[in-house]
Amino acid sequence: MSKIKAGYLPLYIKLYDDENPATRKPLEAYMHTLINMLESQGLEIIPAEPCRIKEEFAAAAKKFNDEDVDVVITQHLAYSPSLESIDALLSLKAPIVVFDTTPDYQLVDCAGYYNGITPNHGIHGVQDMCNLLKRNGRDYFICAGHALHSEVISEVVGMCRAAKAAKFFRNEKIGSVGGSFTSMGDFLVSDERYKSDIGPVVKYMTKEVVAEYLPKVTEEEIDAEIALDQHKYACEITWEKEYREATRSGLAIRKWMEAEGLDAATVNFLTLDICGLPKMPFIECCKIMERGQGYAGEGDVLTAGLVGALMSVWPDTTFVEMFCPDWKDDVILLSHMGESNPHLGQWKPLLCNKKFNYNSCGNTVSMYNCYRPGDAVYVNLAPMNDSFTLIVTPVELLDKGLVNGVYREATQGWMKPCKPLRRFLKEFSEAGGTHHSAMVYNAKVEEIEAFGRMMGFDVVTIA
């Protein structure tokens, strides 16, 4: 995972330099303290010198655009008149995160000491700037608080993660094996609309592509992959021929993804035999996510791209589907035929024989697990006729599994929504949610909401 590259734009006023140049020194020292705190959280900071007048702001904006930063963080060292900065801010290619903070936690301490206005009045510069941004239709993301007495540093970093994920989504390359599932319309978008409205490019593994890459898989590579499986996973596979041919199919897809520089992929189990692959490679579908790449089933390039984008900054992400409601306990069974992120299992993933009659390839092998307990964010990207809706909701994965730890016919998990099940399902479908989604552990709803806004999606939060 590459570092998030953030431009850092300090705003100041020339009037103070003209009146007393020494005033700036302690404010710059505090700025560098904040930069160090952000860098300690994994950001790569590209700083500008404190900007006061239009020419300085324009030079800083050009630097950030030339550096292709993922996000720009603004910090008011003091009040700064907005007409000096607004043109430069509107020229930025990256999202704007407004870091609204000041050095002193308390203006008057218990001894009656007054820290003064000069170092602590940047907030009304923030207000001046944000008014101009809003009037000009430019979105921005506010993070306000004291650096040592709030979570504002982590909030800034979270907004930067959202910006990185949005940029990743716009530049993704996604592979499709077998095309889309016939008559499955909820997640279906044309390649042309996907490219124009979001950004990803879709590549197809056709018969010709399979004919190129399948012969490149050697028996030695299959042996090595199976040996690695025996080391990493629990294995109950007894169908050796099916295992080898499924591995051959998976390695062919892997070689193709590497050669094409693909960030995500989807496999349609109904039609991959038409492409010429010998077996449905369920295990490789899981390994795609294990490697940090996006995946969705059944030819769903839209959700594959979403999973890939989220995974680029939140690695504990997986493709999921809501399958069955348990009305009594207010929980939902998450399940799928055999595709999940192995990192998220409660137990060591299990490799099993899999009876399979959905295409002419016949029986294959698969990987199963049960999702580990914990808090997560359930994320759904739903295409509308003229827009996209991102549905975001906090959920809990329960410490609950089936007999013997793993159900030997599908991956599964038990999800507790944030509200009674019947209300949750009602609101989800009223928003137009599709039946393919992403689920993200160790993320905050606010970060995923910001990602959606940065993408230009309509964001619906169920909370």
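Please refer to the structure higher up on the page.
A brief look at the structure comes next. (Residues numbered from 1 in each chain as written. Predicted model: local features only at pLDDT ≥ 70, side-chain atom pairs only at ≥ 80, totals over all residues. Heavy atoms only, no water.)

So, about the overall build of the protein. Each helix and strand counted, the protein has 15 helices and 20 strands in total. Taking 463 residues into account, the globule formula puts the C-alpha radius of gyration at 23 Å, and the protein, at 25 Å, falls close to it. In terms of principal-axis extent, the alpha carbons of the protein reach across some 80 × 50 × 45 Å. Here the contacts in the protein between residues at least 6 apart in sequence split such that 78% fall between residues at least 24 apart. Here the protein has roughly 19400 Å² of accessible surface; of this, 52% comes from carbon and sulfur atoms. Distance from the positive charge centre (46 side chains) to the negative charge centre (64 side chains) of the protein: 2 Å. (Helix = DSSP H or I, 4+ residues; strand = E, 2+ residues; numbered from the N terminus. Rg over C-alpha atoms; globule rule 2.2 N^0.38 Å. Contact = heavy atoms within 4.5 Å. Areas by Shrake-Rupley, 256 points an atom, 1.4 Å probe, with all protein chains shown as cover. Lys, Arg positive; Asp, Glu negative; His and termini not counted. Charge placed at Lys NZ, Arg CZ, Asp CG, Glu CD.)

Adjacent strands of a sheet pair through backbone hydrogen bonds, lying either parallel or antiparallel. Across the sheet, which stays open at both edges, the 5 strands sit in the order 2-1-3-4-5 with parallel pairing between neighbours. Edge positions in the open sheet fall to strand 2 (43-47) and strand 5 (141-144), since each of these has one partner strand only. Between one strand axis and the next, the sheet turns through 30 degrees on average, direction left out of account. With 6 bridges joining them, strand 1 (residues 4-11) and strand 3 (residues 71-76) adopt parallel strand pairing. Looking at strand 3, one finds that Pro10 is bridged to Gln75. (Pairing = 2+ DSSP bridges. Axes fitted to C-alpha atoms, helices over the stretch in contact; angles between N-to-C directions.)

The next point concerns the environment of Val209. Mapped onto the fold, Val209 is located in helix 8 (residues 207-213). For Val209, a relative accessible area of 15% translates into the label buried. Considering only alpha carbons, one finds Val209 and Gly276, 67 residues apart in sequence, at a separation of 9.4 Å. Apart from residues lying up to four places away in sequence, Val209 is in contact with Tyr204 and Trp256. (Buried < 20%, exposed > 50% of the residue type's maximum accessible area, 1.4 Å probe, protein only.)

A complete count under the given rule lists 30 salt bridges for this structure. A salt bridge links Lys164 to Asp70; its shortest N-O distance comes to 3.5 Å. Of the two residues, Lys164 is situated in helix 6 (residues 152-170) and Asp70 in the loop between helix 3 (54-67) and strand 3; the sequence distance between them amounts to 94 residues. You'll find Lys164 and Asp70 in the same group, each marked buried. (Salt bridge = Lys/Arg side-chain N within 4 Å of Asp/Glu carboxyl O.)

Roughly 310 Å³ of volume is contained in the second largest pocket. Listing elements by their share of the lining of the second largest pocket, those giving two or more residues are helix 3, helix 6 and helix 15 (445-455). Broken down by element, the residue count for the lining of the second largest pocket peaks at 3 residues, all from helix 6. In terms of residue class, the lining of the second largest pocket is made up of 8 nonpolar, 2 polar and 8 charged. (1 Å grid on protein atoms, 1.4 Å probe; cavity = no way out; pocket = protein on both sides within 12 Å on 5 of 7 lines; lining within 4 Å. Points joined across faces, edges and corners; volume = space filled by probe spheres on them. Nonpolar A, V, L, I, M, F, W, Y, C, P; charged D, E, K, R; others polar.)

Another aspect to go through is the pairing of strand 13 (residues 331-336). Here strand 13 lies mainly inside the structure; 6 of its 6 residues are buried. Residues Val331, Leu333 and Ser335 point to one face of strand 13 and Ile332, Leu334 and His336 to the other, with burial holding for every one of them. Relative to strand 13, strand 12 (residues 322-326) is paired through 4 bridges, and the arrangement is antiparallel. Across the sheet, residue Cys324 finds its bridge partner in strand 13, namely Leu333. Linkage of strand 12 to strand 13, two consecutive antiparallel strands, is achieved through a turn of 4 residues, within which Asp330 is found at a positive phi near 60 degrees. Where strand 13 and strand 18 (residues 411-416) come together, 5 bridges link them in antiparallel fashion. Note on strand 18: the bridge partner recorded for Ile332 is Met415.

Now for the packing of helix 3 against helix 4 (residues 82-91). Taken N-terminus to C-terminus, the directions of helix 3 and helix 4 make an angle of 15 degrees; their axes are 8 Å apart at the nearest point. It follows that helix 3 is roughly parallel to helix 4 by the angle criterion. In the packing of helix 3 onto helix 4, the handedness of the crossing is right-handed. Contact residues: Lys54, Phe57, Ala58, Ala61 and Asn65 in helix 3; Leu83, Glu84, Ser85, Asp87, Ala88 and Ser91 in helix 4. Grouping the amino acids of the contact of helix 3 with helix 4 by side-chain chemistry returns 5 nonpolar, 3 polar and 3 charged. (Parallel < 35°, antiparallel > 145°, perpendicular 65-115°, else oblique. Left-handed = near helix turned anticlockwise from the far one by under 90°.)

Contact pair helix 4 / helix 5 (residues 123-135): the axes reach a minimum separation of 10 Å and the direction vectors enclose 45 degrees. The angle between helix 4 and helix 5 places the two elements in the oblique class. As helix 4 runs across helix 5, the sense of the crossing is right-handed. Facing helix 4, whose interface residues are Ser82, Leu83, Ile86, Leu89 and Leu90, helix 5 presents Asp128, Met129, Leu132 and Leu133.

Looking now at empty space enclosed by the protein. Under the defined criterion, the tally for this structure stands at 2 cavities of 30 Å³ or more. If you add up the space inside the largest cavity, you get close to 80 Å³. In terms of lining, the largest cavity is formed by 15 residues, of which the most central are Ala246, Thr247, Ile283, Glu284 and Lys287. Counting only elements with at least two residues in the lining of the largest cavity, the list comes to helix 9 (219-232), helix 10 (240-260) and helix 12 (282-290).

Right, let's talk about the packing of aromatic side chains for a bit. This model, assessed by the stated rule, comprises 12 aromatic pairs. The interplanar angle of 75 degrees and the centroid separation of 5.3 Å between the aromatic rings of Phe269 and Tyr358 together place this pair among those described as edge-to-face. Taken together, the positions of Phe269 in the loop between strand 9 (264-267) and helix 11 (272-275) and Tyr358 in the loop between strand 14 (350-354) and strand 15 (364-368) put the pair 89 residues apart, joining distant regions of the chain. Given a relative accessible area of 7%, Phe269 falls into the buried group. In this structure an aromatic cluster arises from ring pairing among Phe169, Tyr194, Phe388, Phe451 and Phe457. For Lys400, the ring lying beneath its charged end belongs to Trp414, and the centroid distance is 4.3 Å. (Phe/Tyr/Trp six-rings, centres within 6.5 Å; stacked < 30°, edge-to-face > 60°. Lys NZ or Arg CZ within 6 Å of the ring centre and 35° of its normal.)

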